Structures are given as C-alpha cells and as structure tokens.
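# Report on the structure
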Amino acid sequence: MSRVFVIGELACTWLHGGLEAAYRGIRAIKEAGADAAKFQWTSDPEAMSMRRGVARDKYTRLGWSADALPLLKAECDRVGIEFMCTVFIPKDIALIAPYVSRFKVSAFEGTDEEFLRAHLIYGKPIIVSVNPGKRYPDVSGLTPIHCVSQYPCGDADLRIGLVRQCYGFSDHGMNTMSGAVSVGAGAQ
C-alpha cells in the first residue's frame, strides 16, 4: 500500500489568534505528519450565503482578507507542507489557483457541474467530497472522497464502509480513530 495523503483542516479557526495562530496551526499539522494544511475562504460571504441559501452571518468568518493567501502559502512552503484552500463561489477559483497544487471542493459545491468544470481549466488535481445518496455530475478527472456533511457526525453515521467506493475520507466525526478505520477501509 502506498502512503496515505493526509490533509489537516484549519478552515478559519485560526482567525481569533490572527496569522500567528494560523502559522502555529500549520506547524502543528506538519508536526503531526500531515501532507497538507487546508483552509476555507470566500471573497464574498454574501454571495456564498446566497449560493447556499443561508443567513449571511454564517459565512462572514470565511471572508478573511485575500492578502493572507500568499502569507499562508509562504508559511506552508517554509515548513514543507502543501497549502490547500477550499473556495465556494466561482470567482474565487481563479484567486486561489496560483497558490494551490490541487483543489478541494466541498460536498455542497460538488453537485454543481459548472463550478467543478471551472476548476478543470487549471489542469490541477481536484478532490471532491461526496455525500452518500447525493447525485453528483459526471465530470471526469475528479477524485471523490467519502463525506457525511453532518457537524459533528456521530460514529454510527460516518458510514466509513462507503470509503471503498471512493478514494478517500473527509472526517467530520469526533472520534480520533475514524481516520485510521477509514484507511483500513481503503482510504488513500
């Protein structure tokens, strides 16, 4: 079996402590042995809220300054870990493309064929979270990973056995063993 590619999620949790907190998070993810540190960002929380059909304030925290993107990328490069960033609206794809080696698309945006195809023009790998029972467009060149979009997700609801139908696993659970179990089920 080849080495499993592990992504450590920072999302926007670092914002309360500023860039230094993000840098500490990147270093902690690297020290834990992960291959990538992933953030979540939107240039327009209102557009994201409209896309998802929820109140704007839910996504305001993802609207941090784009000026941080090159700084976060530089810190990842400095410590030797891949920088990743999930975006949620089409115009943001072009803004993160120069900083990432691969894209990661959330399960919610993964059902939007036009959004997925907008990533393809950059010729980079695309990882897409997929929820069981949801219909996703047939777009070639995508790497699906099993996901249950429930926050937090209980052990019984993770349905890790479905990893066999995908390439990997996006863990929203609370059990530190679910990642290891997903590798046993075939996550790469």
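Please refer to the structure higher up on the page.
Calculation notes
- Every residue gets a number counted from 1 within its own chain, in the order that chain's sequence is written.
- Where local features are concerned, this predicted model is filtered to residues with pLDDT of at least 70; where side-chain atom pairs are given and counted, the filter is 80 or more; whole-chain, interface and lining totals use all residues.
- Only hydrogens and water are removed before side-chain values are computed, so all heavy atoms of the structure are retained for them.
- Numbering of helices and strands runs from the N terminus, with a helix taken as a DSSP run of H or I at least four residues long and a strand as a DSSP run of E at least two residues long.
- Per-residue accessibility, obtained with a 1.4 Å probe over protein chains only, is compared with the maximum for each type, and a residue is labelled buried under 20%, exposed over 50%, and partly exposed between these values.
- For this analysis, residues touch if any pair of their heavy atoms sits within 4.5 Å.
- We get accessible surface area from the Shrake-Rupley algorithm with a probe of 1.4 Å; when it comes to residues, only the shown protein chains can shield them.
- Helix axes are fitted only over the stretch in contact, all axes being lines through C-alpha atoms; the angle between N-to-C directions runs from 0 to 180 degrees.
- The crossing is said to be left-handed when, going from far helix to near helix, the turn is anticlockwise and less than a right angle, and right-handed when the turn is clockwise.
- Here the term charged refers only to Asp, Glu, Lys and Arg, the term nonpolar to Ala, Val, Leu, Ile, Met, Phe, Trp, Tyr, Cys and Pro, and the term polar to all other amino acids, Gly among them.
- Counting of polar contacts relies on pairs of N or O atoms within 3.5 Å, with two restrictions inside protein: one atom must be capable of donating a hydrogen and the other of accepting it, and residues adjacent in sequence are counted only when both atoms are side-chain atoms.
- Following DSSP output, two strands are said to pair if at least two bridges run between them.
- Look down the strands so they point away from you; if going from the first strand over the helix to the second traces a clockwise path, that crossover is right-handed.

In this section: the overall build of the protein. Along the backbone of the protein there are six helices and seven strands. Secondary structure elements of the protein, listed N to C terminal, follow the sequence β-α-β-α-α-β-α-β-α-β-β-β-α. The buried share of the protein, taken over its 188 residues, is 44%. Residue pairs at least 24 apart in sequence account for 51% of intrachain contacts in the protein once pairs closer than 6 positions are excluded. Summing over all exposed atoms, the protein offers an accessible surface of approximately 9600 Å²; the carbon and sulfur share of this is 53%.

For the rest of this paragraph, the subject is the packing of helix α1 (residues 18–31) against helix α3 (residues 68–79). For the pair α1 and α3, interaxial distance at closest approach is 10 Å and the crossing angle is 35°. Of the two elements, α1 crosses α3, and the hand of that crossing is right-handed. From α1, Leu19, Ala22, Tyr23, Ile26, Arg27 and Lys30 reach across to α3, where they touch Ala68, Leu71, Leu72, Glu75, Cys76, Arg78 and Val79. Grouping the constituent residues of the contact of α1 with α3 by class yields nine nonpolar, no polar and four charged.

Along the chain, the position of threonine 86 falls in strand β3 (residues 82–86). The exposure class of threonine 86 is buried, given its relative accessible area of 2%. Here lysine 104 takes part through its backbone oxygen, which lies 3.1 Å from a polar atom of the side chain of threonine 86. Contact partners of threonine 86, with chain neighbours within four places excluded, come to Lys38, Phe39, Gln40, Trp41, Lys104 and Ser106.

So, on to the pairing of strand β1 (residues 7–11). Inspection of the sheet shows β1 paired to strand β2 (residues 36–40) by four bridges, in the parallel sense. Across the sheet, glutamate 9 pairs through a bridge with lysine 38, a residue of β2. One crossover worth recording links β1 to the parallel β2 by way of α1, and it is right-handed.

Next up on the list: the side chain of glutamate 109. Relative to the helices and strands, glutamate 109 resides in the loop between β4 (103–105) and α5 (113–120). Under the relative-accessibility criterion, glutamate 109 is labelled buried at 1%. Polar side-chain contacts of glutamate 109 include one of 3.5 Å to the side chain of arginine 51.

Within β3, five of the five residues are buried, leaving the element largely enclosed by the surrounding structure. Residues Glu82, Met84 and Thr86 of β3 are buried on one face, and the alternating residues Phe83 and Cys85, pointing to the opposite face, are buried as well. By the bridge criterion, five bridges tie β2 to β3 in an arrangement that is parallel. When the sheet's bridge partners are listed, glutamine 40 is paired in β3 with threonine 86.

Such coordinate-based values are descriptive only and should not be taken to indicate function.
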